[in-house]
Amino acid sequence: MFDFETVIHRGEDSEKWRGAKARGELPLWVADMDFPCAPAIQEALEKRVKEQIYGYTTGMDEEYRGIVCDYYRRHFDWTFDPQDIYFTGGVVQAISILCGLLCAQGEGIVIQTPVYHPFRRQIEANHRRCVVNPLIRHADGSYTMDLADLEEKFQDPSVKGILLCSPHNPVGRVWKPEELCALAELAVRYDKWIISDEIHADIVKAGFTHHVLDALCPQLADHIITCTAPTKTFNLAGVECSHVIIHDPKWKALWEEKVVRQMCISEPNCFAISALKAAFSECDEWRAQMNRKVDENEAWVTQFLREQLPEAVISPREGTYLMWVDLSAYEPDPHVLDQRIREHARVHFNDGAMFGEEGAGFQRINIACPQVIVQEAMERVAQELRK
């Protein structure tokens with residue numbers, strides 16, 4: 001069994017923990033884990049450090065590409081040409097680049113709110129237009145796609161494509177095959193592209209299955225670009241390593257010209273190479289145990305909220321290590337709610353409003369941490385909100 005309970009004391013250059021200790025705050029916000037990396041990854045990085053020279057590498061060579069392909073075939077029955085893999089430092093970087101490459105200034109890109117906030121940020125940073133297709137929220141807190149509204153948005157010729165979040169952050173949906181196929185069919189009907197952010201693909205609750213859009217709809221591959229990474233699953237965000245899977249020849253040529261040759265973004269660094277090879281080749285059991293631990297934490301938080309804050313509405317989590325909870329019954333003003341949790345309870349969740357206006361009154365809770373941290377954080381919040 002791997003250790004997911006030891007509290008690791010992270011340094012002040014951790015984005016998540018910077019300043020938290022001085023404020024007496026527990027951070028359960030930004031989406032990295034407070035679990036130690038898998039031992040195989042630690043050993044691979046230690047071996048690399050002991051080489052003492054960190055010079056130029058062979059980058060994404062045949063072995064590297066083969067390991068990536070084998071991982072996705074093994075876990076998702078997804079096969080693709082190894083030469084369709086392109087490197088970026090992170091999925092957000094990839095999305096930003098793609099927004100600039102695939103449409104012109106002023107043209108529209110659809111997002112399904114409430115959604116991961118860099119989607120909107122990077123669309124607007126590229127001077128493209130954000131077109132909102134809100135998810136439908138149901139009485140039990142679950143969400144579905146509004147495909148009728150999406151079709152209406154796709155009928156606008158100035159709208160060029162959609163950013164799909166799959167699994168969905170923050171609402172926790174793992175999209176069903178019929179939902180994904182319906183979206184893809186609309187994209188083809190109206191000649192739109194789909195950028196599918198699947199960074200959370202590995203983190204799925206027991207009883208659910210993530211379906212890679214590209215694998216589900218191979219006949220539509222020329223309309224789909226998939227963004228993936230080992231960094232979310234294996235807690236490697238600081239190593240900076242992600243992949244963009246592109247099949248369409250014209251898009252590949254565009255990426256190679258603008259990104260590889262002009263921007264010189266093409267190869268992972270030596271530490272990323274070591275970490276990825278270990279993660280994708282030696283860490284399947286760690287991945288499985290991590291998912292079980294996240295499920296255990298979710299079950300504990302759910303039961304705690306039912307007992308201590310029974311008016312909280314918990315959106316059913318199917319994937320990601322994030323919980324999406326409506327706490328507006330305890331504080332109707334979203335700004336005051338966030339302030340009470342952050343300043344009075346001294347717990348840092350993500351304010352739901354950052355994911356779109358539909359998120360007002362919600363908090364996004366990162367449960368990828370030892371039980372002692374989850375428990376202390378929730379007890380603090382419950383004590384404050386019961387006042």
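A few points on the structure. (Residues numbered from 1 in each chain as written. Predicted model: local features only at pLDDT ≥ 70, side-chain atom pairs only at ≥ 80, totals over all residues. Heavy atoms only, no water.)

Across its full length, the protein chain holds 14 helices and 15 strands. Taken over C-alpha atoms, the radius of gyration comes to 21 Å for the protein chain, in line with the 21 Å a tight globule of 387 residues would show. For the protein chain, the spread of C-alpha atoms along the principal axes amounts to about 60 × 55 × 35 Å. Counting only residues that meet the buried cut, the protein chain has 56% of its 387 residues in that class. The contacts in the protein chain between residues at least 6 apart in sequence include a share of 73% that link residues at least 24 apart. Total accessible area on the protein chain is roughly 16200 Å²; 50% of this is exposed by carbon and sulfur atoms. Distance between charge centres in the protein chain, computed from 41 positive and 60 negative side chains, equals 3 Å. (Helix = DSSP H or I, 4+ residues; strand = E, 2+ residues; numbered from the N terminus. Rg over C-alpha atoms; globule rule 2.2 N^0.38 Å. Buried < 20%, exposed > 50% of the residue type's maximum accessible area, 1.4 Å probe, protein only. Contact = heavy atoms within 4.5 Å. Areas by Shrake-Rupley, 256 points an atom, 1.4 Å probe, with all protein chains shown as cover. Lys, Arg positive; Asp, Glu negative; His and termini not counted. Charge placed at Lys NZ, Arg CZ, Asp CG, Glu CD.)

Overall, mixed pairing links the 7 strands, which are arranged S2-S10-S9-S8-S7-S3-S4 in an open sheet. Each end of this open sheet is capped by a strand with a single partner; those strands are strand S2 (85-88) and strand S4 (129-132). Each adjacent strand pair in this sheet contributes to an overall mean axis angle of 25°, direction not counted. The pairing of strand S3 (residues 108-111) with S4 spans 4 bridges and is parallel. Across the sheet, residue glycine 108 finds its bridge partner in S4, namely arginine 129. Against the sheet, helix H6 (residues 147-154) touches S3, S4 and strand S7 (159-165), its axis set at about 145° to S7. (Pairing = 2+ DSSP bridges. Axes fitted to C-alpha atoms, helices over the stretch in contact; angles between N-to-C directions.)

The next thing to look at is the nonpolar core. Counting 100 residues, the largest nonpolar core has Ile41, Phe234 and Phe280 as the members making the most contacts within it. Aside from chain neighbours lying at most four places away, what touches phenylalanine 234 is Cys37, Ile41, Tyr71, Ala279, Phe280, Cys283, Trp286 and Arg287. (Core = buried A, V, L, I, M, F, W, Y, C linked by side-chain atoms within 4.5 Å.)

Another point: the sheet that holds strand S11 (residues 313-314). The 4 strands are arranged S11-S12-S15-S14 in an open sheet whose pairing can be described as antiparallel. Strands at the two margins of the open sheet, each flanked by one partner only, are S11 and strand S14 (350-351). Where strand S12 (residues 322-326) lies against strand S15 (residues 362-366), 5 bridges are found, and the strand directions are antiparallel. Considered in S15, the bridge of tryptophan 324 is made with arginine 364. Helix-sheet contacts for helix H12 (residues 284-308) involve S11 and S12, and the interaxial angle to S12 is about 15°.

Burial of strand S8 (residues 193-197) is extensive: 5 of the 5 residues sit out of reach of the surface. The side-chain alternation of S8 yields two buried faces, one formed by Trp193, Ile195 and Asp197 and the other by Ile194 and Ser196. As judged from the 5 bridges shared by S7 and S8, these two strands associate in the parallel manner. Counted as the bridge partner of glycine 161 is tryptophan 193 from S8. You can see the chain leave S7, run along helix H7 (residues 177-189) and come back into S8, and the turn it takes is right-handed. As paired elements, S8 and strand S9 (residues 224-228) share 4 bridges and run parallel to each other. Bridging from a neighbouring strand, serine 196 pairs with threonine 226 of S9. (Right-handed = clockwise from strand over helix to strand, strands pointing away.)

A few words on the pattern of salt bridges. Applying the stated criterion across every chain yields a total of 31 salt bridges. Put simply, aspartate 70 and arginine 73 hold a salt bridge, and the shortest N to O gap is 2.4 Å. Within this pair, aspartate 70 and its partner arginine 73 are both found in helix H3 (residues 62-76), separated by 3 residues, close to a single helical turn. Judged by its relative accessible area of 41%, arginine 73 falls in the partly exposed class. The salt bridge involving arginine 292 is made with glutamate 285; its shortest N-O contact spans 3.4 Å. (Salt bridge = Lys/Arg side-chain N within 4 Å of Asp/Glu carboxyl O.)

Taken as a whole and judged by the stated rule, the model has 18 aromatic pairs. A ring pair is formed by phenylalanine 234 and phenylalanine 280, whose centres lie 6.3 Å apart and whose planes are at 65°; its orientation type is edge-to-face. Taken together, the positions of phenylalanine 234 in helix H9 (residues 231-234) and phenylalanine 280 in helix H11 (residues 270-282) put the pair 46 residues apart, joining distant regions of the chain. Following the ring pairs from residue to residue traces out a cluster consisting of Phe4, Phe35, Tyr71, Tyr72, Phe76, Trp78, Phe80, Phe234, Phe280 and Trp286. Taking NZ or CZ as reference, lysine 250 lies 5.2 Å from the ring centre of tryptophan 251, over its face. (Phe/Tyr/Trp six-rings, centres within 6.5 Å; stacked < 30°, edge-to-face > 60°. Lys NZ or Arg CZ within 6 Å of the ring centre and 35° of its normal.)

This paragraph deals with helix H10 (residues 249-262). Counted at 1.5 Å a residue, the expected span for H10 with its 14 residues is 20 Å, and the 18 Å between its end C-alpha atoms agrees. Within H10, the full set of buried residues consists of Trp251, Lys252, Trp255 and Val259. Each element contacted by the buried residues of H10 is listed here: S2, helix H4 (91-102), S8, S9 and strand S10 (242-246). Looking one or two places after H10, you find cysteine 264, whose phi comes out positive at around 60°. (Expected span 1.5 Å × (residues − 1).)

Attention shifts here to the state of the cysteines. This structure, assessed with the given rule, holds 0 disulfides. Between cysteine 283, a free cysteine, and cysteine 37, which holds the nearest cysteine sulfur, the sulfur-to-sulfur gap is 8.9 Å. With no disulfide of its own, cysteine 369 lies 15 Å from the sulfur of cysteine 37, the closest cysteine sulfur. We classify cysteine 369 as buried; its relative accessible area is 1%. (Disulfide = S-S within 2.5 Å.)

Attention now goes to the environment of isoleucine 224. Examined against the element boundaries, isoleucine 224 turns out to sit in strand S9. For the pair isoleucine 224 and glycine 90, spaced 134 residues apart in the sequence, the C-alpha separation amounts to 18 Å. Filtering out sequence-adjacent residues up to four positions away, isoleucine 224 remains in contact with Ile194, Leu213, Asp214, Cys217, Ile245, His247 and Trp251.

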